[in-house]
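Now for the letters of each chain:
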Amino acid sequence: MKYLFLLLIGMGFYSCKETVKDVAPEIENPAENDLISEINESEFNQNLIINSTDDLLGYWVGWFEPLEDDYKKNKYTGEHVAYNMSNKITISIDKITGDLVEGHSVVAGNNRPFSGSINFVDGSYIFEVKELGDDKYDGEFNFEIGKNDSVVSGKWKAYKKVETHERKYDLTKKIFNYNPNNKLTNVYVDWEKKKSKMVQEEYDGHVENYLQEEYFATTEKVFNLNPSSALLTKKEVENLSKADIYVLRNSIYAKHGYSFKNRQLRAFFDKHEWYIPVHTNIKEDLTEIEKNNIKLLLVYEKNAEEYYDEFGRG
């Protein structure tokens, strides 16, 4: 019943925000895809004062959200909302020279450079920048930063007609550092990955049959292991569910700031306060402990039980 309680909590978590640049779902596997990078606890500059354009440089992180009309067309809602059409975005302002600005955006597994103009008008820095334009989801960012503000507010508009054509965002400046001790805090549930089975139970002398649905979901065991800080043992891994192993493996990449293409993984890690998407390739950043744990987890992930019931049994 403890697991059932966690599962219900997970249902509540998945009704929160996430941001997508409309990339099709896929299974993340670093052994097959270029999926690896670096992260630490995010530090907030909530009392940031802009004294010069140098103070504008760095990572600005927050929710990349569809405009209200696009939420009404959201095809990813249902009985269990595993994710919607929002998730975290990082806008990196890399260089400012006079009224010219260069940088890049990181969201939904995309790392896209941009360039454009910056002007100081009525106490605010006004940015008009364009992504390169050779990707389906490239577009134009328009945002402003007040001299006495610590938040970037703006909109993005795609060049082409895509599912979500326009988005809005309010971003806070953050510092990204790798921290192997960042912890998982949420339950992972893939509401689209399930199976049903007939269950028979006896109540007050008579037998009742009912259909029980089991989901691809983590157990409480994931909160007790950290594949970035210590070598895992075969004994620790062999009794984990496939979802446990899958999430523990991907937690390594999340700590390194990897921007996930997979919708469910984005939805899951976006809810972790420490998570900042800043990279789309982190291969060179993995520690030896992490590399060894990834190898071990991948071996057991192939054969682990796919589904767990509410009591955590395969």
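So, here is what we can say about the structure in this document. Residue positions are given per chain, counted from 1 along the sequence in the order it is written. Two thresholds apply to this predicted model, a pLDDT of at least 70 for residue-level local features and 80 or more for giving and counting side-chain atom pairs, whereas whole-chain, interface and lining totals are computed over all residues. Note that water and hydrogens are dropped before the side-chain values are worked out from all heavy atoms of the structure.

## Topic: empty space enclosed by the protein
Thinking step 1. A cavity here means a set of points on a 1 Å grid, drawn over the protein atoms and nothing else, where a 1.4 Å probe fits but cannot get out; a pocket is an open set with protein on both sides within 12 Å along at least five of seven lines, and a residue lines either one if it has an atom within 4 Å of a point. Grid points are joined across faces, edges and corners, and a volume is the space filled by probe spheres set on the points. Going through the model one piece at a time under the given rule, you end up with 1 cavity of 30 Å³ or more.
Thinking step 2. Of the pockets and cavities examined, the largest cavity occupies roughly 30 Å³.
Thinking step 3. Together, Asn87, Lys88, Val107, Ala108, Ser259, Phe260, Arg266, Asp270, Tyr275 and Pro277 line the largest cavity.
Thinking step 4. When residues are grouped by polarity, Ala, Val, Leu, Ile, Met, Phe, Trp, Tyr, Cys and Pro land in nonpolar, Asp, Glu, Lys and Arg in charged, and all others, Gly among them, in polar. For the lining of the largest cavity, a count of residues per class yields 5 nonpolar, 2 polar and 3 charged.

## Quick notes on helix 5 (residues 263-270)
Thinking step 1. Three labels apply to residues, based on accessible area from a 1.4 Å probe with only protein chains included: buried if under 20% of the type maximum, exposed if over 50%, partly exposed otherwise in between. Numbering of helices and strands runs from the N terminus; a helix is a DSSP stretch of H or I covering at least four residues, while a strand is a stretch of E covering at least two. Counting buried positions over the 8 residues of helix 5 gives 8, a clear majority of the element.
Thinking step 2. Those residues of helix 5 not exposed but buried are Arg263, Gln264, Leu265, Arg266, Ala267, Phe268, Phe269 and Asp270.
Thinking step 3. Note on definitions: a residue-residue contact is assigned when non-hydrogen atoms from the two residues lie within 4.5 Å. Looking at the buried positions of helix 5, the neighbouring elements they touch are strand 2 (58-66), strand 3 (87-97), strand 10 (189-203) and helix 4 (242-255).
Thinking step 4. As used in this structure description, the phrase polar contact means that two N or O atoms lie within 3.5 Å; if the pair is within protein, one of them must be able to donate a hydrogen and the other to accept it, and residues adjacent in sequence are counted only when both atoms belong to side chains. Among the residues of helix 5, the N-terminal cap falls to Asn262, whose side-chain oxygen and the backbone nitrogen of Gln264 are separated by 3.0 Å.

## Details of the nonpolar core
Taken as a class, soluble globular proteins show a tendency for nonpolar side chains to be buried jointly.
Thinking step 1. In plain words, nonpolar cores are sets of buried Ala, Val, Leu, Ile, Met, Phe, Trp, Tyr and Cys residues tied together by side-chain atoms within 4.5 Å. Leu184, Tyr188, Val237, Leu248, Tyr253, Phe260 and Phe269 are the most contacted members of the largest nonpolar core, which totals 30 residues.
Thinking step 2. Only helix 4, helix 5 and helix 6 (288-301) provide two or more residues apiece to this core.
Thinking step 3. Examining the composition of this core, we find that 8 residues originate from one element, helix 4, more than from any other.

## Points about the packing of helix 4 against helix 6
Thinking step 1. Lines fitted to C-alpha atoms define the axes here, with helix axes fitted over just the stretch in contact, and angles between the N-to-C directions of these axes take values from 0 to 180 degrees. Running from amino to carboxyl end, helix 4 crosses helix 6 at an angle of 155°, the nearest separation of the two axes being 10 Å. Relative to helix 6, the element helix 4 lies roughly antiparallel. Of the two possible hands of crossing, helix 4 and helix 6 adopt the one that is left-handed. Between helix 4, through Lys242, Ile245, Tyr246, Leu248, Arg249, Ile252 and Tyr253, and helix 6, the contact on the second element is made entirely by Glu290, Ile294, Leu297, Leu298, Tyr300 and Glu301.
Thinking step 2. Of the residues contributing to the contact of helix 4 with helix 6, the split by class is 9 nonpolar, no polar and 4 charged. Angles below 35 degrees are treated as roughly parallel, those above 145 as roughly antiparallel, those between 65 and 115 as roughly perpendicular, and all remaining angles as oblique. In this scheme the handedness of a crossing depends on how the near helix is turned from the far one: anticlockwise by less than a right angle means left-handed, clockwise means right-handed.

## Notes on the environment of Asp55
Thinking step 1. Secondary-structure assignment places Asp55 in the loop between strand 1 (43-44) and strand 2.
Thinking step 2. Separated by 118 residues in sequence, Asp55 and Lys173 place their C-alpha atoms 9.8 Å apart.

## Quick word on the side chain of Ser241
Thinking step 1. Inspection of the secondary structure assignment puts Ser241 in the loop between helix 3 (234-238) and helix 4.
Thinking step 2. Ser241 gets classed as buried once you look at its relative accessible area, which sits at 1%.
Thinking step 3. In terms of polar contacts, Ser241 uses its side chain to reach the backbone amide nitrogen of Asp244, at 3.0 Å.

## Side note on helix 4
Thinking step 1. End to end, helix 4 covers 20 Å across 14 residues, agreeing with the expected 20 Å (1.5 Å per residue, within 8%).
Thinking step 2. Within helix 4, 14 of the 14 residues are buried, which leaves the element mostly enclosed by the surrounding structure.
Thinking step 3. Phi for Gly257, located one or two positions after helix 4, is positive at around 80°. Helix span, expected: 1.5 Å multiplied by one less than the number of residues in the helix.

## Things to note about the side chain of Arg249
Thinking step 1. Among the secondary structure elements, Arg249 is positioned in helix 4.
Thinking step 2. Residue Arg249 is classed as buried on the basis of its relative accessible area, which comes to 1%.

## With respect to the pairing of strand 4 (residues 100-107)
Thinking step 1. For strand 4, the tally of buried residues reaches 6 of 8 residues, placing the bulk of the element in the interior.
Thinking step 2. The criterion for strand pairing is that DSSP finds at least two bridges linking the strands in question. Connecting strand 3 to the antiparallel partner strand 4 that follows it, the hairpin turn spans 2 residues, and Gly98 within it adopts a positive phi of roughly 65°.
Thinking step 3. By the bridge criterion, 8 bridges tie strand 4 to strand 5 (residues 110-121) in an arrangement that is antiparallel. Bridge assignment links Val106 to a residue of strand 5, and that residue is Asn111.
Thinking step 4. Turn length for the strand 4-strand 5 hairpin, with the two strands adjacent in sequence and antiparallel, is 2 residues, and the turn residue Ala108 shows positive phi of about 55°.

## Focus: the packing of aromatic side chains
Thinking step 1. Each Phe, Tyr or Trp ring, with Trp reduced to its six-membered ring, pairs with another whose centre is within 6.5 Å; inter-plane angles below 30 degrees give stacked pairs, above 60 give edge-to-face pairs, and intermediate values give tilted ones. Overall, the coordinates contain 19 aromatic pairs when judged by the stated rule.
Thinking step 2. Summarising the aromatic geometry, the rings of Phe260 and Phe269 are spaced 5.1 Å apart at their centres and angled 10° between planes, so their arrangement reads as stacked.
Thinking step 3. Given a relative accessible area of 0%, Phe260 falls into the buried group.
Thinking step 4. Phe269 sits in the buried class, given a relative accessible area of 0%.

## Focus: the pattern of salt bridges
Thinking step 1. Salt bridges are defined by distance alone: a side-chain nitrogen of Lys or Arg within 4 Å of a carboxyl oxygen of Asp or Glu. Going through the model one piece at a time under the given rule, you end up with 5 salt bridges.
Thinking step 2. Asp134 is the partner of Arg112 in a salt bridge, and the nearest nitrogen-oxygen pair spans 2.3 Å. Placement of Arg112 in strand 5 and of Asp134 in the loop between strand 6 (124-131) and strand 7 (139-146) is noted, with a sequence separation of 22 residues between them.
Thinking step 3. Where salt bridges share partners, they join Arg112, Asp134 and Asp138 into one cluster.

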